[in-house]
Amino acid sequence: MVWTGTWVAERLGVELIGDEALPDLLGLALRRNPKRAHLLVSSVLGKHVPQRPSVVYGSGLDLGRRVRALLGDEEAARSVVLGYAETATALGHAVADGLGLAPYLHSTRRPVAGVARAGGFEESHSHATSHLLLPEDPKLLAGDGPLVLVDDEFSTGNTVLNTVRALHERYPRDRYVVVALVDMRSAADLGRLDAFAAEIGARVDLISGAAGTVRLPDGVLEKGQALVAEHERAYEPGAVSAPGPTTARGGQEHARVALDWPEDLPDGGRHGFTPDQRHRLETALPAMAARITEALGGGAGDAERGATAGGRSASGVEAQPGSTAGAQPGSSAGGPRVLVLGFEELMYAPLRLGTALEEAGHDVRYSTTTRSPVLAVDDPGYAIRTRLVFPAHDDPADGPGERYAYNVAGAGFDAVVLVVDSTADTSALHAPDGLLAQLAAHIPRVVLAVVPSYTPTSTAEGTGGAEVTEATTEATTEAVEAPERSSMLPEPLRGPAFSSYAPEEVGWLLQDLSDVELEAPTEEREEAIQSGGAHYAESLPVEYQPSDRYQELFHAALETSAARIARAVGTVTETVLAERERPGHRPVLVSLARAGTPVGVLMRRWAQARHGLDLPHYAVSIVRGRGIDANALRWLAAHHDPADVVFVDGWTGKGAITRELADAIKEFEAAEGVTGFDPEIAVLADPGSCVRTYGTREDFLIPSACLNSTVSGLISRTVLRADLVGPNDFHGGKFYRELAGVDVSRAFLDAVAARFEEVGAAVDSDVKELLAADRTPTWEGWAAVERISEEYGIHDVNLVKPGVGETTRVLLRRVPWKILAKRGADADLAHVRLLAEQRGVPVEEVDELPYSCVGLIHPQYTRGATGADGKAVVSQ
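As the structure is a computational prediction, the values presented were derived from the model and not from experiment. (Residues numbered from 1 in each chain as written. Predicted model: local features only at pLDDT ≥ 70, side-chain atom pairs only at ≥ 80, totals over all residues. Heavy atoms only, no water.)

A. Representation of the pairing of strand S14 (residues 387-391) in the model. Summarising burial for S14: four of the five residues are buried, a large majority. Both S14 and strand S15 (residues 402-406) contribute to a ladder of five bridges, which runs antiparallel. Bridging from a neighbouring strand, valine 389 pairs with tyrosine 404 of S15. (Buried < 20%, exposed > 50% of the residue type's maximum accessible area, 1.4 Å probe, protein only. Helix = DSSP H or I, 4+ residues; strand = E, 2+ residues; numbered from the N terminus. Pairing = 2+ DSSP bridges.)

B. Examining the sheet that holds strand S8 (residues 147-154) more closely. Read across the sheet, six strands follow the order S1-S10-S9-S8-S4-S5 without closing on themselves; strand pairing throughout is mixed. The open sheet is flanked by strand S1 (15-18) and strand S5 (104-106), the only strands paired with a single partner. Going from strand to strand, the sheet's axes swing by 25° on average, the running direction of each strand aside. (Axes fitted to C-alpha atoms, helices over the stretch in contact; angles between N-to-C directions.)

C. Structural detail: helix H19 (residues 745-753). What H19 keeps buried is the set Ser745, Phe748, Leu749 and Val752. For H19, the arc enclosing every buried residue in end-on projection is 95°, short of the 170-degree limit, so these residues lie on one face. Looking at the buried positions of H19, the neighbouring elements they touch are helix H15 (548-580) and helix H16 (596-611). (Arc of directions from axis to C-beta. Contact = heavy atoms within 4.5 Å.)

D. Local environment of the environment of proline 262. For proline 262, the position within the fold is in the loop between strand S11 (255-257) and helix H9 (275-296). The exposure class of proline 262 is buried, given its relative accessible area of 14%. Residues proline 262 and proline 452, spaced 190 residues apart in sequence, show a C-alpha to C-alpha distance of 9.4 Å. Residues contacting proline 262, with those up to four places away along its chain left out, are Arg280, Ala284 and Met288.

E. The arrangement of unusual backbone geometry in detail. Put simply, alanine 85 and glutamate 86 share a cis peptide bond, and its omega is -5°. Summarising the element assignment, glutamate 86 is placed in the loop between strand S4 (80-83) and helix H5 (89-99). Here glycine 495 and proline 496 are connected by a cis peptide whose omega angle stands at 0°. The phi torsion at aspartate 260 lies on the positive side, around 55°, for a residue other than glycine. Here aspartate 260 shows up in the loop between S11 and H9. By relative accessible area, aspartate 260 is classed as partly exposed at 43%.

This is how it looks when you write it as structure tokens:
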């Protein structure tokens, strides 16, 4: 039998490595998704591949029984099971059934009016990332018993860890159990779970049905996107979601069955589902299955099955003679072949109806529709053979859009039982291009079964009954706000999962784009930026790896300047505490990633060493010309008093970011109605005289400016690109785990912190003097930059980068034209001169410069361009 991952593996070089059972459990397909190229397609999940209901349900039951054996009955009875929308809603419910003693809740992407949110989190690689938790009983997640988290696959672990971190902050507990059909973590991710457990002080177990990993070659995302584009173009004539030609009985009116769903019984775990409710469902299932059997009317014969198999595929392309698109093994020779088709998050109710039909002797398969866009290829070695495309029909909160049913058309089904909840029984479902019409075009008999959408009794009257045609969504009583925070945004990323800093030192309000190829050659980036074809934040420079000679300069600079930096750290921290600390409040340090992050960590260490203060510290993204990350500000406002927030950066150049922050805060507060953020930045060095709060106004070498990620927790510069960062996402960043062997982030921090005690007296004197002085910014640096821009014929202040730190960045990340060095400032410029020598950039000695040096980016750069002096740039 051909493995259903062969097609992708041969074209992209993707490898599935692990248990011998993996090829039987997983196939491969290609996502239409900018964040991840491949999709692991489970044959036992019941989402993309029709499978026997007993197999799908049994897989979850077995995992649940293993959890119960692990916990013991006493702990199992104290536990709560949490599943993930949309893919794992039925799997999580089956695990809860196998556990037998615990209530079940699944996350949802469907807000329900009047139901208070008990939290939320983000799934970074998904096409639809935001998850809500909407339990009917707000205390459901508040117990201290084990929390069992269930997903179909455990790959990086980001989603699960985000969930645990968010819930643990509000309701800490001693034990978590992670359950997945397959554990597909890479070698780099294997230690994250143990490290995370140690970080939060809890036990975290993992149970899976099989284990392995996916080996992805370099450039797989771009290659996958190109392959998808190529095949989508080939299928373009049939991309319109219109019905294909009818078969012998295709296109007939669908039948509608009255299930007599038990009154007030939830349709699934969106608001919680208890063991008692499971018993009620088990009791009612045989009668509901009998009603469906009656509606099927004895089914269709083999002749009809053959007629269907030769029909048009979901892509609109005629299937080739002998095609087995979507066919499953083991179909019965006699009696109708029935598909029970669920609807997005509504997976458990149709699954259990399918198991009841199977127990009654029917030849049944089960799958569900989905929001997830996947390429369809009619090839035996590809997991998604056909695709039905139809409009969303449940009035989704994120607006209209396409929905999909995979491996349904051309699979030889005689009948389909479509199970939806009453919220989704809308005119869009019944429209000419709707799902019912699509199914009728490919399958001889279509039966619609509507399960009443459950509305918690605390917010509205029950909606029991068999034939509810419109969902009850409006609350009739005011909902009580759940005690958990209601923010949809994820908790901050922390080390060691994201960055090499200790988890308590900084929380990154970023999304992890580590798996995305974002780097571009320096010259290519410079040309795109200066031509207006791209913004600098849309790509990343290739990480500069210093030579041995350059690393020696870094360590020598750190040794000679550590005390000077410690003094500046102490001075700026003590100034912040003197001016910003209030009774009952403490400053919240918010670094501007990434240059501000090491400074924020050092300020936090000073406050702890000198005063025993444990200051919260986060890192956020700010992008010149685009402003600060508004979602990060929303998160901060939801978790802290904005008046406590102190923005931190490494140094000022000409003051562009200072102005950018002030404008962005003003715009944010006007749009959000949130007030209290102070746009003032606290910096280590302010040679441009742009801020009031600083450690020094001297332009001296801060060794953290000499390197890139290897002195900043192995984190990239931040990324803001529309196809990767949506309106509800944090800006992005990458964690360069592969550079751990040359990481000096902690060495830098420790070297400076070791000098805190010896500079204490000098800091006290500096702070006393500063607090009494007039620190009004003079913007001297900005004036100097404007003068240099005109004097050197550049005519663009953005290409003039003043100060040691900014000049270093020019040499590391941009295409430099020349360096202006203040005569006599050699002590701080050894590394600058070395970099300039390596890149063939002239260094010009200048008098009366307010900075130690200034870096000039090549004006009007194109590859091979010459500057104002007629000399070509040499880049090595």
